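Commentary on secondary and tertiary structure
If you want the building blocks of each chain, they are given just below.
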Amino acid sequence: MVLTEVEGFILSETPYGETSKIINVFTSDYGVIGIMCKGAKSLKSKNRVSTMRLTFAKFNIYLKQGKLSTLVSADIINPLKRIKEDIILISYLSYLTELTHQVIKQSNSPKIYDDFINAVLKIEEGLDPLVITNIIEIKYLAELGVLFSLDECVMCGNKTGIATIDADKGGFICLNCLTNEVIVDKKVIKMLRMYYYVNIKSISNIKIEDDIKDVINKFLDMYYERYTGLYLNSKNFLKNLT
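A few points on the structure. All residue numbers refer to position in the chain's written sequence, counted from 1. For this predicted model, a pLDDT threshold of at least 70 governs which residues receive local features, and a threshold of 80 or more governs which side-chain atom pairs are given and counted, while totals over whole chains, interfaces and linings are taken from all residues. Hydrogens are left out, water is left out, and the side-chain values use all remaining heavy atoms of the structure.

1. As for the packing of helix α3 (residues 110-125) against helix α4 (residues 129-144)
For helices, the axis comes from a line fit to the C-alpha atoms of the stretch in contact; other axes are also lines fit to C-alpha atoms, and the angle between any two N-to-C directions lies between 0 and 180 degrees. Labels follow the DSSP assignment, with helices taken as runs of H or I lasting at least four residues and strands as runs of E lasting at least two, numbered in each case from the N terminus. One can describe the packing of α3 onto α4 by two numbers: an axis separation of 9 Å at closest approach and a directional angle of 175°. Between α3 and α4, the angle is such that the two are roughly antiparallel. Residues Lys111, Ile112, Asp115, Phe116, Ala119, Lys122 and Ile123 of α3 form the contact with α4, whose own contacting residues are Pro129, Ile132, Thr133, Ile136, Lys139, Tyr140 and Glu143. When residue character is reported, Ala, Val, Leu, Ile, Met, Phe, Trp, Tyr, Cys and Pro are called nonpolar, Asp, Glu, Lys and Arg charged, and the others, Gly included, polar. A per-class count over the contact of α3 with α4 returns eight nonpolar, one polar and five charged. Roughly parallel here means an angle under 35 degrees, roughly antiparallel means over 145, roughly perpendicular means 65 to 115, and every remaining angle is called oblique. Contact criterion: two residues are considered in contact whenever any of their non-hydrogen atoms come within 4.5 Å of each other.

Right, dumping it as structure tokens:
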């Protein structure tokens, strides 16, 4: 076995015996891998903190693809101190982690890792967690194969005169196809498109009116409920908290 260094984020941990644990790590190079961490539950273990759930670190392991790898050491890349000192930010991180874990079961796109890690780091920097979360949500819809068209009316395919968006109808609706849907601010349409196309790593500042953010978030909540089949406990907890 060759000692291998991998970068990754701990999605979950499971106790193993009295002092050990198994962690599931989302890595940049190998997808999700299981790692046996011998003695890591012990208070004296040098790997105790660095093998906790929601940790972003570099792991030195004996890699066994398709089987349990073995941990030698782990070094935290970013302690995510801001997030872990705020119950609301922790809730956002928990939701993003659970959502990502579900999405990578259905897609092996390398973009998922980059988007997820960059989103976590932007929240840690202090950027609006709701906006960052909604950006991830809309990008993940494409990975799940249920992204609505960003360029045309869901009813007739018209690419002009988009008036609103409706989760029940499944996307944008043009003026010709309007029935009783609520017309949204044009900024909502613009922001939804921007959310999908933006490079998360390049975001340095976010200034979006609260009412626009609220409309986008409610739409994505309803869309996820109707078209993804994902029902996440962390999402319900986040809704109750915020």
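Don't stop here, the text continues.
2. Brief notes about unusual backbone geometry
Its identity as a non-glycine residue notwithstanding, Leu54 has a phi of 70°, on the positive side. The topology assignment puts Leu54 in the loop between β3 (31-37) and β4 (56-62). If you check the backbone angles, Leu80 has positive phi at about 55° while not being a glycine. The class of Leu80 is buried, set by a relative accessible area of 0%. Exposure is judged per residue with a 1.4 Å probe applied to protein chains only, and the accessible area is read against the type maximum: over 50% gives exposed, under 20% gives buried, and values in between give partly exposed.

3. Concerning the packing of aromatic side chains
Stacked, edge-to-face and tilted labels apply to pairs of Phe, Tyr and Trp rings (six-membered ring for Trp) whose centres lie within 6.5 Å, assigned for plane angles under 30 degrees, over 60, and everything in between, in that order. A full pass over the atoms with the stated rule returns nine aromatic pairs. The rule is short: NZ of Lys or CZ of Arg within 6 Å of the ring centre and within 35 degrees of the ring normal puts a charge over the ring. Positioned over the ring face of Tyr95 is Lys235, at 4.6 Å from the centre of the ring.

4. Points about helix α5 (residues 186-197)
Take the residue count of a helix, subtract one, and multiply by 1.5 Å to get its expected span. With 12 residues, α5 should cover 16 Å at 1.5 Å per step; its first-to-last C-alpha distance of 17 Å lies within 8% of that length. The complete set of buried residues in α5 reads Val188, Ile189, Met191, Leu192 and Tyr195. Residues of α5 that are buried in the fold lie against α4, β6 (162-166), β7 (171-174) and α6 (210-227). For this analysis, a polar contact is any N or O atom pair within 3.5 Å, provided that within protein one partner can donate a hydrogen and the other can accept it, and provided that sequence-adjacent residues contribute only side-chain to side-chain pairs. Measuring from the side-chain oxygen of the N-cap residue of α5 to the backbone nitrogen of Lys187 gives 2.8 Å; that N-cap residue is Asp185.

5. Points about the nonpolar core
The biggest cluster of nonpolar side chains holds 61 residues, and the ones touching the most others in it are Phe9, Leu99, Phe148 and Leu192. Of all the secondary structure elements, the ones that give two or more residues to this core are β1 (3-16), α2 (87-103), α3, α4, β6, β7, α5 and α6. Residues contacting Leu99, with those up to four places away along its chain left out, are Ile136, Glu137, Tyr140, Tyr224, Leu230 and Leu232. Among buried residues, the Ala, Val, Leu, Ile, Met, Phe, Trp, Tyr and Cys ones that are joined through side-chain atoms within 4.5 Å form a nonpolar core. Counting residues in hydrophobic clusters, the runner-up holds 14 residues, among them Ile10, Ala40, Phe59 and Leu63.

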